[in-house]
Amino acid sequence: MAGRHRLLLENAQQLVLVCGRGEEYLRREGAAGLPVLRDASVVVGLDGCIKAVGQADVIRNQFSGATFEKVIDCSGKCVLPGLVDAHTHPVWAGDRVHEFAMKLAGASYMEIHQAGGGIHFTVEHTRKATEEELFNTFKHRLERMRRAGSTLVECKSGYGLNLETELKMLRVIERAKQSMDIGISSTYCGAHSVPKGKTATEATDDIINNHLPKLKELQLSGEIHVNNIDVFCEKGVFDLESTRRILQAGKDIGLQINFHGDELHPMKSAELGAELGARAISHLEEVSDEGITAMARAKCAAVLLPTTAYMLRLKQPQARKMLEEGVIVALGSDFNPNAYCFSMPMVMHLACVNMKMSMNEALVAATINAAYALGKSDTHGSIEAGKQGDLIIINSSRWEHLIYQFGGHEALINYVIVKGKVIYQNEMCGTMSSY
């Protein structure tokens, strides 16, 4: 096949496709036997999409007359889909390292919150920060996520709680979408907490009557592009009825429902999400058996956050029960001032050790299923012809090292590729062993 193409990755020891038949998501049975090609190659076209995947000799013959902007010899290395982080809070100002000491001394999340810390501390600093200040810190955080292998990241607002600051955060996210080589799914999370001076009912009315109409207006004008709506459905924050009203109003203006539920208390969030046609629900440490059944039936993804349960010393989400009952399980880092982790490889490791997921299940949850949770599994999350050429190359002959080596990704991830363009090359991989 003649012609010019953007990228050829050839001779990979292992090429981990994740999906081989265009699956939207994989449940437990599908994750059991991931398709892995040996001595394989992949071609990405000038449009940034994958043109061919297959055995190295077959690809060599098929593209014998072609030219490539870049060729990478992957002998002895593994190629995987770019990782997808399905839940982050990456736009904020202010430092909450002091709260870590409080948590270690025994203070609970809600105790810190009620003492003026937590979300309200970050809200105060984020409101004061300029758009430029927020963008600069956000940009550096995204760069760190990319170096850890993430090529698609869900990014929330939610540290404004007033219309002005929420829109400022969404503009910052939009600017990164337009200027950086990383995929972003943007989430309006104005119902992250009840603002000081308002009741939950007043905050709900403000969001429905003021925030969402303005958001719709800016969407129609093309100034910002928001994909999802989120609410923190929790005791002492937004109750089930307020959550229902906000999520339905967001759905009515075309946003996907993707919200926080059943984290600290059983709220029947999972049942509500299934009823409303939610794309995904995050946390779920306190989900009910009925909620798990409802999510499986509704094909509503469970975005589990191992870092949160670990850092807050919460009960672990019931990943095994969810998998066995047919729930589509995804993973996210929950990066925020309260759970400071950029690394999806570390998230996968924690999911395996603390939530008893297999390495196959964790990789599926951080690729195709995380993409599904964001409504993007038609373009992201697996290495298949027609999908976006988002790939990572690791300096190992077995892909499992990406999960097995806890905190080892800095010497393991050799290349991060978005739309067939190398956006990160790790020079350390040429000078040191990853074992």
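Residues numbered from 1 in each chain as written. Predicted model: local features only at pLDDT ≥ 70, side-chain atom pairs only at ≥ 80, totals over all residues. Heavy atoms only, no water.

Chemist: Tell me what's going on with the packing of helix H8 (residues 200-221) against helix H9 (residues 240-252), and back it up with residues and numbers.
Modeler: At their nearest, the axes of H8 and H9 sit 9 Å apart, and the two run at 10° to each other. One way to sum up the angle between H8 and H9 is to call them roughly parallel. Between H8 and H9, the contacting residues are Thr204, Asp205, Ile207, Ile208 and Leu212 on the first element and Ser242, Arg245, Ile246, Ala249 and Gly250 on the second. Residue composition of the contact of H8 with H9, by class: 5 nonpolar, 3 polar and 2 charged. (Axes fitted to C-alpha atoms, helices over the stretch in contact; angles between N-to-C directions. Helix = DSSP H or I, 4+ residues; strand = E, 2+ residues; numbered from the N terminus. Parallel < 35°, antiparallel > 145°, perpendicular 65-115°, else oblique. Contact = heavy atoms within 4.5 Å. Nonpolar A, V, L, I, M, F, W, Y, C, P; charged D, E, K, R; others polar.)

Chemist: A description of the pattern of salt bridges should follow, citing residues and the corresponding values.
Modeler: Inspection of every chain in the model, using the stated rule, returns 22 salt bridges. The partner of glutamate 275 in a salt bridge is arginine 244, with the nearest N and O atoms 2.7 Å apart. In this pair, glutamate 275 sits in helix H10 (residues 269-276) while arginine 244 sits in helix H9, placing the two residues 31 residues apart along the sequence. Classification of arginine 244 by relative accessible area gives partly exposed; the value is 26%. Two residues, arginine 398 and glutamate 400, come together in a salt bridge whose shortest N-O distance is 3.4 Å. The exposure class assigned to glutamate 400 is buried, which follows from its relative accessible area of 17%. Each of the salt bridges in this network shares a partner with another, and the network as a whole consists of Glu154, Lys156 and Asp230. (Salt bridge = Lys/Arg side-chain N within 4 Å of Asp/Glu carboxyl O. Buried < 20%, exposed > 50% of the residue type's maximum accessible area, 1.4 Å probe, protein only.)

Chemist: I'd like to hear about the pairing of strand E5 (residues 78-81), residue by residue, with values.
Modeler: Across 2 bridges, strand E1 (residues 3-16) lies against E5 in parallel orientation. Residue pairing for E5: glutamine 14 is matched across the bridge by cysteine 78. Here 4 bridges tie E5 to strand E14 (residues 391-394), and the two strands are oriented antiparallel to one another. Bridging from a neighbouring strand, proline 81 pairs with leucine 391 of E14. (Pairing = 2+ DSSP bridges.)

Chemist: Tell me about the sheet that holds strand E6 (residues 83-85), and please be specific about residues and values.
Modeler: On the basis of which strands lie adjacent, the open sheet formed by 8 strands has the order E6-E7-E8-E9-E10-E11-E12-E13 and parallel pairing. The strands lining the two open edges of the sheet, one partner per strand, are E6 and strand E13 (329-331). With strand direction ignored, the average angle separating the axes of adjacent strands in the sheet is 25°. Where strand E8 (residues 183-191) and strand E9 (residues 228-231) come together, 3 bridges link them in parallel fashion. Across the sheet, the residue bridging to tyrosine 188 is isoleucine 229, located in E9.

Chemist: Residues and numbers for the packing of aromatic side chains, please.
Modeler: Counted under the stated rule, the structure contains 7 aromatic pairs. Seen from their ring centres, tyrosine 25 and tyrosine 372 are 5.1 Å apart, and the 65° between their planes marks the pair as edge-to-face. Pair noted here: tyrosine 25 is in the loop between E1 and helix H1 (28-32) and tyrosine 372 is in helix H16 (residues 368-373), with a separation of 347 residues, a long-range link. Between the aromatic rings of tyrosine 340 and phenylalanine 342, the centroid separation amounts to 5.3 Å while the plane-to-plane angle is 85°, which identifies the pairing as edge-to-face. (Phe/Tyr/Trp six-rings, centres within 6.5 Å; stacked < 30°, edge-to-face > 60°.)

Chemist: Please give an account of H8 that cites residues and values.
Modeler: With 22 residues, H8 ought to run about 32 Å at 1.5 Å a step, and its terminal C-alpha atoms sit 30 Å apart, in line with that. Considering bend angle alone, the principal kink of H8 is centred on isoleucine 207 and spans about 35°. Looking at H8, one finds that the buried residues are Ala203, Thr204, Asp206, Ile207, His211, Leu212, Leu215 and Leu218. Of the surrounding secondary structure, the elements contacted by the buried residues of H8 are helix H7 (163-179), E8, E9 and H9. (Expected span 1.5 Å × (residues − 1). Bend = angle between axes of the 7 residues up to and from the residue.)

Chemist: Lay out empty space enclosed by the protein with the relevant residues and their values.
Modeler: Inspection of every chain in the model, using the stated rule, returns 4 cavities of 30 Å³ or more. Surrounding the largest cavity, 15 residues form its lining, Tyr109, His192, Asp334, Asn336 and Asn338 being those nearest its centre. Grouping the amino acids of the lining of the largest cavity by side-chain chemistry returns 5 nonpolar, 7 polar and 3 charged. (1 Å grid on protein atoms, 1.4 Å probe; cavity = no way out; pocket = protein on both sides within 12 Å on 5 of 7 lines; lining within 4 Å. Points joined across faces, edges and corners; volume = space filled by probe spheres on them.)

Any link to function would need more than the numbers given here.
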